[in-house]
Structure formats: structure tokens, C-alpha cells
Amino acid sequence: MGFVLIVVMLDAASYSAIETLRDSRRLEVRAFRPDDRADFLSAVDRIGALSRYRRFFTVKHGFTERERAFFLNLDFDKHVALVALMEEAERRVIVGGGRYVVVQQSRAEVAFVVLDQYQRQGIAPILLRHLAGIARAAGLLELIAEVLPENIPMLKVFEKSGFRMTVTPEPGVAHVTLQLN
């Protein structure tokens, strides 16, 4: 018996999906849009000091103009970003985000952040799954990440992702590679 290979190209810039969290709340995962700028910066202001440190490897109090341009100006080819939105006080707000940046032809660096009060609810694994799907559709074979060794929650997200994972430890950083094929 043969099989049929179906290739689905995902349009990363218009990507959108609805997920259900462990506690039955609904989460929208969608492409970052230009009109998300203010909500994105507001969400960044809500990230706690430890989460900022784990994401940026330094205590960050704000972004330079160059950093803002990097985070806000995406091409959805080499730089893809998804946001996670939930209802909060009868308004949809960004509660997390994930992105990848292509660093070599078949490899992209991935990073995530979830607002402190929404951590441990399965949002980072959901973001990883969606980003990995987009990355695969774009022909990427690996996602890589630099993680602080003490950031056990993020290391567990990668470990439980279902992708073959290798970790190369160095002083102060763990280099994670996820095989997408």
C-alpha cells in the first residue's frame, strides 16, 4: 500500500489558531501584527524580573530603539513571531509570545516568554508546537535555543516537546537543539 504526501504551506504572517488550556480557558495563537505594537510593549512591561532575566540573560528595564525595531519589525520569512492572547477584564491581551529567527539555511533560533501569572499553564509548549509547524513548513530542520541552566521550566518545555533534543552545556548557558524531522 502506498502513501500520499500532502504539503501544506502555512502563511506565517496570517497564522491563527485557537487552543484550549488545561483549565479549559481558550487561548488564541496568532501571528504578531503591526497593530499589536502597543499591546506587545504593555505585555513586556508586565514581565517579572526573573522572567526577564531568564529570557534576556540580563535584568532588562526596557528596549533600545534598535531592540524595539528587532522585536516589532518582522518579515515572516526569516523572522517569525507568534503571540498568545487571552481574555483579561473583557479584553484580549497578549500573555506570551514566541519567535524564531533563521540563523542558517535550515536552522532557526527560537525564544519564548510568558507573563508570570500565565506561566505553568501550557502556553510555552503550545507556542513551541505552532512555531515548529511553521518552521517545518518553511523547510527548517532544527530549532536552537540558548537557555540559562537554572531555567528548568524552559528546559522541560523543550524536553517534553516530542522533538529529538540535544543539550550542549557550557558555563552559564545550555545550547538546546530540537530536530524537526
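Residues numbered from 1 in each chain as written. Predicted model: local features only at pLDDT ≥ 70, side-chain atom pairs only at ≥ 80, totals over all residues. Heavy atoms only, no water.

What follows concerns the overall build of the protein. For the protein, the helix and strand inventory stands at five helices and eight strands. Secondary structure elements of the protein, listed N to C terminal, follow the sequence β-β-α-α-α-β-β-β-α-β-α-β-β. Counting the 181 residues in the protein, one finds 46% classified as buried. Considering only residue pairs separated by 6 or more positions, the protein has 59% of its internal contacts joining residues 24 or more positions apart. Looking at the protein as shown, the accessible area adds up to about 10400 Å², and 53% of this sits on carbon and sulfur atoms. (Helix = DSSP H or I, 4+ residues; strand = E, 2+ residues; numbered from the N terminus. Buried < 20%, exposed > 50% of the residue type's maximum accessible area, 1.4 Å probe, protein only. Contact = heavy atoms within 4.5 Å. Areas by Shrake-Rupley, 256 points an atom, 1.4 Å probe, with all protein chains shown as cover.)

What the eight strands build is an open sheet, ordered S1-S2-S3-S4-S5-S6-S8-S7; its pairing is mixed. What marks the edges here is a single partner per strand, and that holds for strand S1 (16–20) and strand S7 (164–170). With strand direction ignored, the average angle separating the axes of adjacent strands in the sheet is 25°. Taken together, the eight bridges between strand S4 (residues 91–104) and strand S5 (residues 107–114) define a ladder with antiparallel strand orientation. Counterpart to Val101 in the pairing with S5 is Glu109. Lying over the sheet, helix H4 (residues 123–137) contacts S1, strand S2 (26–31), strand S3 (79–88), S4, S5, strand S6 (142–147) and strand S8 (173–179), oriented at roughly 145° with respect to S3. (Pairing = 2+ DSSP bridges. Axes fitted to C-alpha atoms, helices over the stretch in contact; angles between N-to-C directions.)

On to the pattern of salt bridges, then. Applying the stated criterion across every chain yields a total of nine salt bridges. For the salt bridge of Asp35 with Arg33, the shortest nitrogen-to-oxygen distance reads 3.5 Å. Residue Arg33 is classed as partly exposed on the basis of its relative accessible area of 37%. Residues Glu142 and Arg107 are paired through a salt bridge, measuring 2.8 Å at the closest nitrogen-oxygen approach. Taken together, the residues Glu142 in strand S6 and Arg107 in strand S5 connect sequence positions 35 residues apart. Judged by its relative accessible area of 18%, Glu142 falls in the buried class. Residue classification places Arg107 among the partly exposed residues on the basis of a relative accessible area of 22%. Each of the salt bridges in this network shares a partner with another, and the network as a whole consists of Glu28, Arg30, Asp36, Glu87 and Arg92. (Salt bridge = Lys/Arg side-chain N within 4 Å of Asp/Glu carboxyl O.)

Moving on: the nonpolar core. If you look at soluble globular proteins, the nonpolar side chains tend to sit buried side by side. Counting residues in hydrophobic clusters, the biggest one holds 57 residues, and the most contacted among them are Leu27, Val95, Tyr100, Ile123, Leu143 and Phe158. If one sorts the elements of this core by residue count, H4 sits on top with nine residues. (Core = buried A, V, L, I, M, F, W, Y, C linked by side-chain atoms within 4.5 Å.)

Attention now moves to the pairing of S7. Looking at chain direction, S7 and S8 are connected through seven bridges and run antiparallel. By the bridge assignment, Met165 is partnered in S8 with Leu178. Two successive antiparallel strands, S7 and S8, enclose a turn made up of two residues, where Gly172 displays a positive phi of approximately 85°.

The next point concerns the confidence of the model for the protein. For the protein, per-residue confidence averages 85 on the pLDDT scale, and 85% of positions sit at 70 or higher. For residues 4–9, every residue scores under 50 in pLDDT, and the model assigns this stretch two contacts once sequence neighbours within four places are set aside. (pLDDT = per-residue confidence, 0-100.)

We now examine the environment of Gln105. Locating Gln105 in the fold gives a position in the loop between S4 and S5. Exposure remark for Gln105: the relative accessible area of 78% places this residue in the exposed category. Along the primary structure Gln105 and Gly139 are separated by 34 residues, whereas in three dimensions their C-alpha atoms are 8.8 Å apart.

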